[in-house]
Amino acid sequence: MVEYSELIFEVSRPGRVGASLPASDVEKVDLQELLPKHLIRQDAAELPEVSELQLVRHYTALSNKNHGVDNGFYPLGSCTMKYNPKINEDVARFDGFSRIHPYQPVETVQGALRLLYELQEELAVITGMDAVTLQPSAGAQGEWTGLMMVKAYHEQKGEKRTKVLVPDSAHGTNPASATVAGFKTVTIPSNKDGLVDLEELKKHVDGDTAALMLTNPNTLGLFEKEILDIAKIVHEAGGLLYYDGANANAILGKTTPGKMGFDIVHLNLHKTFTTPHGGGGPGAGPVGVKKKLIPFLPVPRVDKDGDRYVLDTNQPLSIGRVKGYYGNFGILVRAYTYIRTMGPEGLRQVSESAVLHANYLRKKLEPYFEAPYSQVCKHEFVLSGSKQKKLGVRTLDMAKRLLDFGYHPPTIYFPLNVEECLMIEPTETESKETLDAFADVMIQIAKEVEENPGVVLEAPHTTVIGRLDEVQAARQPILRYKKEERKETVKS
Ligand SMILES: *Cc1c(COP(=O)(O)O)cnc(C)c1O
């Protein structure tokens, strides 16, 4: 059977429409006068002509094929696919937030500015920083913004430092952001416990070191216990410490990057602070800094003058604007709502539950999979599929098999320093029943690998599409509808 969602072009009939627009009440303009001829479309776009009901069925069919946290467990390590509370959506839809315009005079949007200001303040407390910008709209853009401030800070002191140190367990965006910001990245190997090797660090830190980028707990879910020594080594050489706080689910209300000695932090509101992500919405990667970096923050800064909220652009040392207007405002409203509904005690509980859930699952799964680091973990943990690989089944196969049970697989093959890696982050919002059911399925898959590997190697068995040719999908993606190509894909 061909899925309904693939038929949208086939059910198209000339003249059929799905929307009834009111008659236009503005004067018709002559496009020929407004635009150069080569920019004017000569023939109408070939769009499907369908009724409203057909359109609704098309998009509903597509959404039913999607896996999201609203329809199943999603233990994607490092990505924090936690529940997005619906009250966030209610508040984001308030007229005073959703029907305002960025060019409105600031006197008419004082409530929106107050929300931004208070969110900055809340995030400063949560991170232990002195000031926050909400402009960056992704974790990676937050990293880049932070590194541009690092650069401006050193240049202001008359120093041109060229190196950024990054541990081998770091998220791939860290070296990428450092490179885009014009730095040379130097990889610091982890020791056998999965932590930064201090001796290696000392070897690479020198007067050319602009910053060290670190995640703590790191991407193996392990806490860098020697963080104060690490901070001291970098600071003594005149470098800065950058905290990748994309995933802060283990530290809320427990500790702060500020206390650990960091100078700059970015957070992903679309991970820790429950705003939708993964195709579900735009992101937000606010950046917090210690006092000495405040002059370099992006403009405009949302500030308070007496009891008025203002947009301050008069900051001569600022790195400038990094995003149109003031960040992804609707997302900032959602994160603010989450923080205010949870309160400090609620946020502390989030971290305690996230860490408890991760350790509970880790203990249940460790007898069945290789556990390269078996100390107590924080909000996530890694296993290795190396035992199963010896039997001819790879981590990728086990991930595909999980799809048959309605689970999104964990992150696989990351971090890079663990062979056949499975990285699991259950998050605090899941019930014990869900964790138990997931553990049972993982254990069943481990048994299948020993007794009936074929069923794992041929998985998934229940999805609309089985295994993709990932190379062809990446090299020759089909990005738009063409009748001939559709026939081919449906056949195969
Ligand atoms: C997700 C993530 C990032 C990147 O965030 P984006 O919003 O995807 O750009 C960086 N570091 C870590 C540890 C992450 O988990």
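Residues numbered from 1 in each chain as written. Predicted model: local features only at pLDDT ≥ 70, side-chain atom pairs only at ≥ 80, totals over all residues. Heavy atoms only, no water.

Per an unreviewed UniProt entry, the recorded name for the chain is Probable glycine dehydrogenase (decarboxylating) subunit 2, and the organism is Neobacillus citreus. According to the UniProt record, the Subunit (unreviewed entry) comment for the chain is "The glycine cleavage system is composed of four proteins: P, T, L and H. In this organism, the P 'protein' is a heterodimer of two subunits." Its UniProt record gives the chain the following Catalytic activity (unreviewed entry) comment, quoted word for word: "N(6)-[(R)-lipoyl]-L-lysyl-[glycine-cleavage complex H protein] + glycine + H(+) = N(6)-[(R)-S(8)-aminomethyldihydrolipoyl]-L-lysyl-[glycine-cleavage complex H protein] + CO2". (UniProt positions renumbered as here; feature names shortened; annotations may be inferred.)

Asks: Can you tell me about the domain arrangement of the chain, naming the residues and giving the values?
Replies: Partitioning the chain into domains gives domain 1 (86-342) and domain 2 (349-475). On a C-alpha basis, the centres of domain 1 and domain 2 stand 30 Å from each other. Summed over both sides, the interface of domain 1 with domain 2 buries roughly 1700 Å², with 57% coming from carbon and sulfur. Contact with domain 2 buries area across many residues of domain 1, yet Thr219, Leu220 and Asn249 alone supply 32% of it, more than any other trio. Where domain 1 packs against domain 2, one counts one salt bridge. Across the pair Glu352 and Lys254 runs a salt bridge, and its minimum N-O distance is 2.5 Å. (Domains from an automatic or database assignment. Buried area = accessible area lost by both parts, 1.4 Å probe. Salt bridge = Lys/Arg side-chain N within 4 Å of Asp/Glu carboxyl O.)

Asks: Give me the state of the cysteines: which residues, what numbers.
Replies: Scanning the model with the defined rule gives zero disulfides in all. Between Cys79, a cysteine without a disulfide, and Cys421, which holds the nearest cysteine sulfur, the sulfur-to-sulfur distance is 13 Å. Accessibility expressed as a relative area gives 23% for Cys79, which makes it partly exposed. For Cys377, which is in no disulfide, the shortest distance to another cysteine sulfur is to Cys421 and amounts to 13 Å. (Disulfide = S-S within 2.5 Å. Buried < 20%, exposed > 50% of the residue type's maximum accessible area, 1.4 Å probe, protein only.)

Asks: Tell me what's going on with the sheet that holds strand 11 (residues 411-412), and back it up with residues and numbers.
Replies: Whether parallel or antiparallel, the strands of a sheet pair through hydrogen bonds between backbone atoms. Pairing within the open sheet is antiparallel, and its three strands lie in the order 10-12-11. The sheet terminates laterally at strand 10 (381-384) and strand 11, the two strands that pair on one side only. By the bridge criterion, two bridges tie strand 11 to strand 12 (residues 421-424) in an arrangement that is antiparallel. Bridging from a neighbouring strand, Ile412 pairs with Leu422 of strand 12. Its contacts with the sheet put helix 11 (residues 329-365) on strand 10 and strand 12, and the angle it makes with strand 10 is roughly 15°. (Pairing = 2+ DSSP bridges. Helix = DSSP H or I, 4+ residues; strand = E, 2+ residues; numbered from the N terminus. Contact = heavy atoms within 4.5 Å. Axes fitted to C-alpha atoms, helices over the stretch in contact; angles between N-to-C directions.)

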